[in-house]
Amino acid sequence: MIRYIIIIGFFGNILFASGNSINLKNGNSIFIKHALCLHFEGMNRRSLSQRDVIEEMLVNGSWKSPSEGESFRIDTTLFKWENIETDTSGWFKTEKLASGYAYVQIDSDKEKMMILEGSGYSMAYINGEPRIGNVYKFTEERNPWEPEFGFVYLPVKLKKGKNEFLFQCYYGRMNAVLHDPASKILINNIDLTIPDLLVNEKVDHFGGLVIVNASDKMQDNLILKTYGEGFNETITKVPSILSLSTRKVKFGFSANPFIEKENKNLTVEVLDNSGKILDKNSIEIRVLNNDETHRRTFISNIDGSVQYYAVNPARNDNKENLALFFALHGAAVEGLNHANSYYAKTWGLFVSPTNRRPYGFNWEDWGRMDALEVLDIAMKNYSIDENRVYLTGHSMGGHGTWHIGGTFPDRFAAIGPSAGWISFWSYRYRNTQKTKSKVKQLIDRTGNPSDTYTIAKNYEQLGIYIIHGSADDNVRATQSHSMIDTLKKFHKDFTYHEEPGAGHWWDNSDERGADCVDWPELFDFFARHARPAKERIKHVKFVTASPGISAKNNWITIYSQEKYFGFSNVDILFDAGVQRFKGTTENVSTLALDTEILDNSRELTIVLDDQKIENIDIKSLSKVWLKKIRGKWNLTSEPSKSVKGPHRYGSFKDVFKNNMVFVYGTKGTKEENEWAINKVRYDAEQFWYQGNGAIELVADKDFDPIKFKDRNVILYGNSETNSAWDDLLSEAPINVTSKKVTIGSKEFVGDDLVMLMIFPKQNSDVACVGTVAATGLKGMRLTNNRSYLKPGITYPDFVLMNSELLSKDDYGYKAAGFFDDEWSLKKAEVEFSN
């Protein structure tokens, strides 16, 4: 038997240039030097559905260890397992690994815990259990300005005898190493989220670091202690950490103000409840002058994690009534580095959010939420003129500028995208499928909020300055050209600068920030634009695909739609002389108009879609609410929080916010319970890797509905294997058991069914419940590689699928739909496959 490993000596700790580290035991490490490779030509890892015979085998239980030269056919194509070897640098480098699998067998003489470090694969099955990969760190060397992605150190358990590692590869290169941990509990401070301190500032801050639980027991009594020269001793309780898992946790630290610029070392210890030190590490904290670019941390409402944003202060002693330049970084760039790319301005400050990671979510989904969280914090913590807020960004941040500027046009006075791609579809994603089922068409509609070209109508109220290099081979200038063609049809206030011969990142000046972002004419353009006060705005045009994402523009709120996630349009003019709103709507069922711009001593007239409502008394109203009933507009009261609205609208991904908690089932068979705990570990670690997340994981038997009353909950299992189901979903019109799925009066029977769903949480006006539910072990295993936590992947309120997804593409989708306004199926839009 070939053993696809080589064992060589490894001495000391793993150290990095930044000085951050994880403690690994002196002794032998397992460097994977040989593997079997299986290549799938043209596989699209970004697709919601893809033919994948290997995953199909894993799901249906027919997977067997391959051997070199073993082959099989799919249709007329022959696939063969081939031997590959690393080069002298320890990397597999072959195009055969692009969209393929690498298989490694490791024989162990005993059961032991190891730490897996690797790069270039999107996920791995380790003895059948799904574990996250490290797709971004796919080169053996990185530029000094690039962030470190080598922070993924996963605890894994080797059983005595044969162990199988199956890596799902993404690029044409990969490496993997197994290390001995120095302790069962490790501090991984390579992945830090920390603030900077400012001279003469009171120090009472918090940061985030990763704790690795390399034991096979839950850890729920750990303590973090911080101290150091000049720092007070601070104790922080560590939340529970699953066995063989990682979790990013908050830690606090405090000190008297430091009086000069310097770097300080903060010691961090993790202790058990008896006070025994389990691991110890050091963190370098920067103390900076007040005028330097620095980091601030905050607690995110998405998941309770520690995040940061960067501030490049105004070059002005007067810190009142400043402009805000909200600057979005590009892919593989830290927010701090991006903020440093600008020369400080006298009339405003720069604030750069993080998108949750340097790649993150392309400034959509949780990247968009992160931007809005930081924007709100900046408006609260600094003296900002709300009418002089400007949005700009480069590359992926240029896309974020297009996306966020178009989605929330009343938050900004002008936008300035540089080298920005427009949408997923214009840049990289290509859908070559000619025909789609009605189920798949409904699923795809959930992606409408990403359709930048359609929401471009919202740019009409914004000044736009576009920058691109003519020789950009990363994001070609044709991206900007295509948006300019769209803008020419309606926009009167945009400027385009194309730098001759310039590539993706260009800088012709040593005396200011980088020209491709800190372009003088861009900031001159900003200086000449201010957002008019709301009472001065008389004409509002607005388009949105989801009120749950973007509902409001100035004095108009689109509360609900006739066709969910279709495009809704309003075009309304206010005539103050006659106190009248007049305009048109499309795909709007409930609408609100603010009264703060009105004279409340006069009656109001509304003319919508040629329907007139007169003599409206507004004295006691902050908003006028209108609802369309059978095609006719009527006055109504504010809707109940129990119905769909901007506060709780769907789709499925909307459940992953609001300080979410994952609840795994323990009431099934041994195999079902093992799947549940493995799956919540995988999803939590995936959200950590992709989005710097920190999610609370709770067993169903420990779940307290009162404790988590207004927090979103995601249930893993079904109504028979997860005991929290009945507490949270007893009123839901969809149910999942170990044998069937019921959608209203329709039943689907099988052991390979998956139901992803969002539903309002009982006894809460804001929270939702989600399900990652399956009927049997096949269905449970089918959930393992569904990519709902990645950018560009969308699902409606509920979707039913089975394992045909892996062999028949979209035919694996059996049903999908949007609940109606009452979160019921009575008037829901549902599509079933034939």
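Presented here is a report on the structure given in the accompanying data block. (Residues numbered from 1 in each chain as written. Predicted model: local features only at pLDDT ≥ 70, side-chain atom pairs only at ≥ 80, totals over all residues. Heavy atoms only, no water.)

Bringing the pattern of salt bridges into the picture now. As enumerated under the stated definition, the model contains 44 salt bridges in all. Of the charged contacts in the structure, one is a salt bridge between Asp 376 and Arg 411, with a shortest N-O distance of 2.9 Å. Pair noted here: Asp 376 is in helix H3 (residues 366–381) and Arg 411 is in the loop between helix H4 (396–407) and strand S30 (414–418), with a separation of 35 residues, a long-range link. On the basis of relative accessibility, which here comes to 27%, the residue Arg 411 falls in the partly exposed class. Between Glu 804 and Lys 808 there is a salt bridge; the shortest N-O distance is 3.4 Å. Through salt bridges that share partners, Lys 534, Lys 552, Asp 594, Glu 596 and Lys 623 make up one connected network. (Salt bridge = Lys/Arg side-chain N within 4 Å of Asp/Glu carboxyl O. Helix = DSSP H or I, 4+ residues; strand = E, 2+ residues; numbered from the N terminus. Buried < 20%, exposed > 50% of the residue type's maximum accessible area, 1.4 Å probe, protein only.)

Here we take up the sheet that holds strand S38 (residues 590–594). Taken in spatial order, the five strands of this open sheet run S34-S35-S38-S41-S42, and their pairing is antiparallel. One side of each edge strand has no neighbouring strand; the edge strands of this open sheet are strand S34 (552–553) and strand S42 (632–636). In this sheet, strand S35 (residues 556–560) lies alongside S34 in antiparallel orientation, the contact comprising two bridges. Paired with Asn 553 across the two strands is Ile 556, which belongs to S35. (Pairing = 2+ DSSP bridges.)

Taken together, six strands build an open sheet; the order of strands is S8-S5-S10-S15-S12-S13 and the sheet is antiparallel. The outermost strands of the open sheet, each flanked by one partner alone, are strand S8 (82–85) and strand S13 (129–132). Looking at each pair of strands side by side, their axes are set apart by 30° on average, direction ignored. Here four bridges tie strand S12 (residues 121–126) to S13, and the two strands are oriented antiparallel to one another. Bridge pairing in S13 places Met 123 opposite Ile 132. Where helix H9 (residues 670–691) meets the sheet, its contacts fall on S12 and S13, and the angle it forms with S13 comes to roughly 10°. (Axes fitted to C-alpha atoms, helices over the stretch in contact; angles between N-to-C directions. Contact = heavy atoms within 4.5 Å.)

All told, the structure shown has zero disulfides when counted by the stated rule. Here Cys 169 is not cross-linked by a disulfide; its sulfur's nearest cysteine counterpart is in Cys 37, at 6.8 Å. For Cys 169, a relative accessible area of 0% gives the class buried. (Disulfide = S-S within 2.5 Å.)

What the rule picks out here adds up to 53 aromatic pairs. Between Trp 81 and Tyr 103 the ring centres are 6.5 Å apart and the planes differ by 70°, which places this aromatic pair in the edge-to-face class. Highlighted residues: Trp 81 in the loop between strand S7 (77–80) and S8 and Tyr 103 in strand S10 (residues 100–108), separated in sequence by 22 residues. Judged by its relative accessible area of 1%, Tyr 103 is buried. Between Phe 325 and Tyr 390, the aromatic rings sit 5.9 Å apart at their centres with planes inclined by 25°, giving stacked as the arrangement. Taken together, the residues span a long stretch of sequence, with Phe 325 in strand S27 (residues 322–328) and Tyr 390 in strand S29 (residues 384–394) at a distance of 65 residues. Take Phe 325: its relative accessible area is 0%, and that puts it in the buried class. An aromatic cluster is present here, built from Phe 361, Trp 366, Phe 652, Phe 656, Phe 662, Phe 687, Tyr 716 and Tyr 788 joined pairwise through their rings. For Lys 250, the ring lying beneath its charged end belongs to Phe 206, and the centroid distance is 4.9 Å. Here the guanidinium or amino end of Lys 345 rests over the ring plane of Phe 523, the centre of that ring lying 4.6 Å away. (Phe/Tyr/Trp six-rings, centres within 6.5 Å; stacked < 30°, edge-to-face > 60°. Lys NZ or Arg CZ within 6 Å of the ring centre and 35° of its normal.)

Between its first and last C-alpha, H4 extends 16 Å over twelve residues, near the 16 Å set by a 1.5 Å rise per residue. Of all the twelve residues making up H4, twelve are buried; the element is thus mostly covered by neighbouring parts of the structure. When we look at burial in H4, the residues that qualify are Met 396, Gly 397, Gly 398, His 399, Gly 400, Thr 401, Trp 402, His 403, Ile 404, Gly 405, Gly 406 and Thr 407. (Expected span 1.5 Å × (residues − 1).)

A few words on the nonpolar core. Membership of the largest hydrophobic core comes to 75 residues, with the highest contact counts inside it found for Phe 656, Phe 662, Met 755 and Tyr 795. When residues of this core are assigned to their parent elements, the largest contribution, six residues, is made by strand S49 (residues 754–760). If you look at the next biggest cluster of nonpolar residues, it comprises 39 residues, including Leu 328, Ile 384, Ile 464 and Phe 490. (Core = buried A, V, L, I, M, F, W, Y, C linked by side-chain atoms within 4.5 Å.)

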